[in-house]
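# Summary of the model geometry
Here are the chains, one letter per residue:
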Amino acid sequence: MDDIVVTARGREERLKDVPVSASVLSTKEVQLAGANIANISAVVPTLRISRGGAGTGGSVSIRGIASSIANASLEQKVALNLDGVQLGRARFIASGMFDTRNIEVLRGPQSLYFGKNATAGVLSISSADPETTAGGYVRAGYETVAHEYQFEGAYSLPVSDNLRIRLSGRYADMTKGWMVNDAPVVFQTASNTFSGVPSSRNIPQVQSTMLRGVAVYHPNDQFDAALRVTVAHQDTPHSRGEMPAQVVCAPGLANAGVTFAGAEPWDDCRLNNHTVLGVLPPEQTTNYPEAGNGTGNSSSRSTIASLTMNYRFGDLTLTSVTGLATLDYREIGDAAGSAYTYAWGGEAEDYKQYSQELRLASNFDGRLNFSVGGLVSKADKHFGGCGILLPGIAVDRGRSNSFCRDYRGGTETASVFAQGIYKLSETLTLTAGARFTHEESDGTLGNIFVNRNQALSFLLPEGRFVSNKVSFDNLSPEVTLTWRPSSDIMIYTAYRTASLAGGVSIPTTITAGFTNDNIVFQPEDAKSYEAGARFTLLDGRLTTSATAFRTDYKDLQVSALDPNTLGYILRNVGAARTDGVELAANYHATPNLRFRIDATYANARYISFPNAQCYGGQTAAQECVGTPATQDLSGKQLPRAPELVASLGVFYTRPVGDDLDLNINGNVRYNSDYNYVETNNPVGHQDAFATVDLSASLVSSVWEFGVVGRNLTNEYYGMSGIDQPRGRNGQVFAVAARPREVVFQLTRRF
């Protein structure tokens, strides 16, 4: 722990000195996780990352707290920070997962240094710096289950004594995928046609390219600057996104199909490597230009750039971070998991974000130090998409789909913060600060096409738009008291607050019930109480930490599917709480053998949610009552929030030659049960499970050959899900985690 450096308080500090519950993944641990960032939860089990398609594109959870997935207007409760640029969009998550220096996971509200949207924590990714000598590495890998070819490399070049650059890249081509689309050719009664044939039954087939350039300029001890630019491209030509969904039924039940068609015996209705994603009939795609060949596809293009400059004068450091992020995302395909293509559509997102942050921090020898700073940012958002909501083919003005929607809006943010660090004594330190944020959001949404030959009166009429412009102010204070009786012991207690931004809703379906007023949602607020301790024992061979926490959330931002209109309802509701304990330990038993333990018990529950949406097929006997019918989720477990998560890691190395070491790493992760559907549909109940990761490598000063196994127990567990649109028997449309992976890797350093 003496060597682990974090930036949790806006400056580089040793992890053992920072009064924050945090985990840090090294370069090697990130390499073992691969480019799929969801794999790092094996090392940090309280962190859960769910990838998705429509809406936000995914969700990140810490201590059982996560944003809803379905509505694109929602930003993450776990803030994503890539090379100093704060990002609220989940689609950026995978952009930095190569050639990294480290990954920091900060748990609990972190508003003071990371601004808005850090109500549950922070996921911070730092790319590798250029080396002081010329050199680099190339790595080739092959994953045997999904037939994925992987290539990665980096090269550092000292241009002069003051300027160093690093170029890195990663390319991957998944040629088979890990799922099979069993969609049959079925007769579509409503349109008197037969459905199409999948362009490939093996999905997802993903091609991704990531490139990064880093330049570090350090002319003297007073000034340094670092420019980092990351570009990422990803395409899935035969499926809607890289994480295909599938229908799940209650135990013992077969797929009963949808309300207007019969059972679907070709779908086994279980979480496994088979799914049914309907393919549009050729007669439909002829007049639906966005649909392509009718199978589905997606593409993503992103750029993230940051310029960080530090100017030191005396005991003060002025830091400037300039950020730019752009995203161009397109997807289209089946949206219900049925061979009958009644819910099929796409989403397009164009996003641009600009930010400028300034920080001034002191490093005085006296009792008092401080940090002050400010941030301005601007985000422009454009969302669209065309979809099918009803069975059958009805052509209107050359189009056979049901609707096309459009959303244009933006957000402007300005915030300032100040923090003081005061040494009450040689062992006791008081830290207090606050951030004030002013934010303005606007949005205009409507349908630019509604098929007049379909029964779509529930949609907002074509050409009618609703809009609003709102502003919010928030003050988020925090205070921490730290006691260090010795260099090997730190005990702290903290009170922290944070706020998740409000704004204008971006629904997937724009229905007639939307007005200028009800498209607005309010901020979500968090207050956290935390006490923790860190100990270094056995002459530094054992480091341990323990944290107790309670965080209260009010005005929760919740999104759920209306099964009648296939639209997502976004609103503020009630309150929630997560409380529990975290334990972690690192033990170097010998110079060659290390053990790591990480465990979290988090009781994440709704405190008040009396008018929650009922799940599909829920009856009055199952407590779906009233007009309109609702259920009471007060006291229920939050979605995707297991009470107990734990991991045990073992790391062993030994020399086997003059210039050859054998490295063996193993990890077991346990998750207790949870529900992955936001309506608490019992079909979405995930039983407790455990996964096993194991890797072995032979390492010399130049070469490395390794085998990496992830999820070797081959667990198919639900990550997220919704009630299947118009499905019977409460069926769920779910996304499962990626199953077993076995990767062979060869690395050459030079």
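Residues numbered from 1 in each chain as written. Predicted model: local features only at pLDDT ≥ 70, side-chain atom pairs only at ≥ 80, totals over all residues. Heavy atoms only, no water.

Moving on: the sheet that holds strand E3 (residues 22-25). Taking strand neighbours across the sheet as the criterion, the five strands line up as E3-E8-E9-E6-E7 in an open arrangement whose pairing is mixed. What marks the edges here is a single partner per strand, and that holds for E3 and strand E7 (85-87). Taken over all neighbouring pairs, the strand axes of this sheet differ in orientation by 20 degrees on average, direction set aside. As defined by bridge partners, E3 adjoins strand E8 (residues 100-107) across four bridges and the pair is classed as antiparallel. Looking at E8, one finds that Ala-22 is bridged to Leu-106. (Pairing = 2+ DSSP bridges. Helix = DSSP H or I, 4+ residues; strand = E, 2+ residues; numbered from the N terminus. Axes fitted to C-alpha atoms, helices over the stretch in contact; angles between N-to-C directions.)

Take the state of the cysteines next. Tallying each qualifying case throughout the model produces three disulfides. Shown here is the disulfide that connects Cys-249 with Cys-269, its sulfur atoms set 1.7 Å apart. Of note, the bridge from Cys-249 to Cys-269 carries an S-S torsion of about 70 degrees and is right-handed in sense. Here Cys-269 lies in the loop between strand E19 (245-248) and strand E20 (274-275) and Cys-249 lies in the loop between E19 and E20, a separation of 20 residues in the sequence. The two residues Cys-249 and Cys-269 agree in class, both being buried. Disulfide pairing places Cys-386 opposite Cys-404 at an S-S distance of 2.1 Å. Since a negative S-S torsion denotes a left-handed disulfide, the Cys-386-Cys-404 link at about 110 degrees is right-handed. A residue pair is termed long-range when its members are at least 10 positions apart, and Cys-386 in strand E24 (residues 368-388) and Cys-404 in strand E25 (residues 403-423) qualify at 18 residues. Accessibility classification places Cys-386 together with Cys-404 in one group, the buried group. (Disulfide = S-S within 2.5 Å. Buried < 20%, exposed > 50% of the residue type's maximum accessible area, 1.4 Å probe, protein only.)

Let us look at a nonpolar patch on the surface. A cluster of nonpolar residues, Leu-368, Tyr-422, Leu-424, Leu-430, Val-479 and Leu-481, forms a patch on the protein surface that exposes about 460 Å² of accessible area. With respect to the helices, strands and loops of the structure, Val-479 is situated in strand E27 (residues 465-486). (Patch = residues over 30% accessible without salt bridge, like charges linked within 9 Å, V, L, I, M, F, W, Y side chains within 5 Å. Areas by Shrake-Rupley, 256 points an atom, 1.4 Å probe, with all protein chains shown as cover. Salt bridge = Lys/Arg side-chain N within 4 Å of Asp/Glu carboxyl O.)

Below, the discussion takes up unusual backbone geometry. The amide bond that connects Ile-203 to the next residue, Pro-204, takes the cis arrangement and shows omega of -10 degrees. As for its placement among the helices and strands, Pro-204 is situated in the loop between strand E16 (202-203) and strand E17 (207-220). One non-glycine residue with positive phi stands out, namely Asn-192, at about 55 degrees. Along the chain, the position of Asn-192 falls in the loop between strand E14 (187-188) and strand E15 (193-194). A residue is classified by how much of its surface remains accessible, and Asn-192, at 60% relative accessible area, is exposed. Non-glycine residue Asn-714 carries a positive phi angle of around 55 degrees. For Asn-714, the position within the fold is in the loop between strand E42 (703-710) and strand E43 (718-723).

This brings us to the nonpolar core. In this structure, Ile-40, Leu-47, Ile-49, Ile-103 and Leu-123 are the most contacted members of the largest nonpolar core, which totals 46 residues. Setting aside chain neighbours within four positions, we find Leu-47 in contact with Ile-40, Ser-41, Val-60, Ser-61, Ile-62, Val-105 and Leu-123. One finds Tyr-716, Tyr-717, Ala-734 and Ala-737 within the second-largest nonpolar core, a separate group that totals 15 residues. (Core = buried A, V, L, I, M, F, W, Y, C linked by side-chain atoms within 4.5 Å. Contact = heavy atoms within 4.5 Å.)

Moving on, we get to the pairing of strand E28 (residues 489-500). As judged from the seven bridges shared by E27 and E28, these two strands associate in the antiparallel manner. Opposite Thr-482, over in E28, you have Tyr-492 as the bridge partner. The turn joining E27 and E28, which pair antiparallel and follow one another in sequence, is formed by two residues. As paired strands, E28 and strand E31 (residues 524-537) are joined by 12 bridges and run antiparallel to one another.

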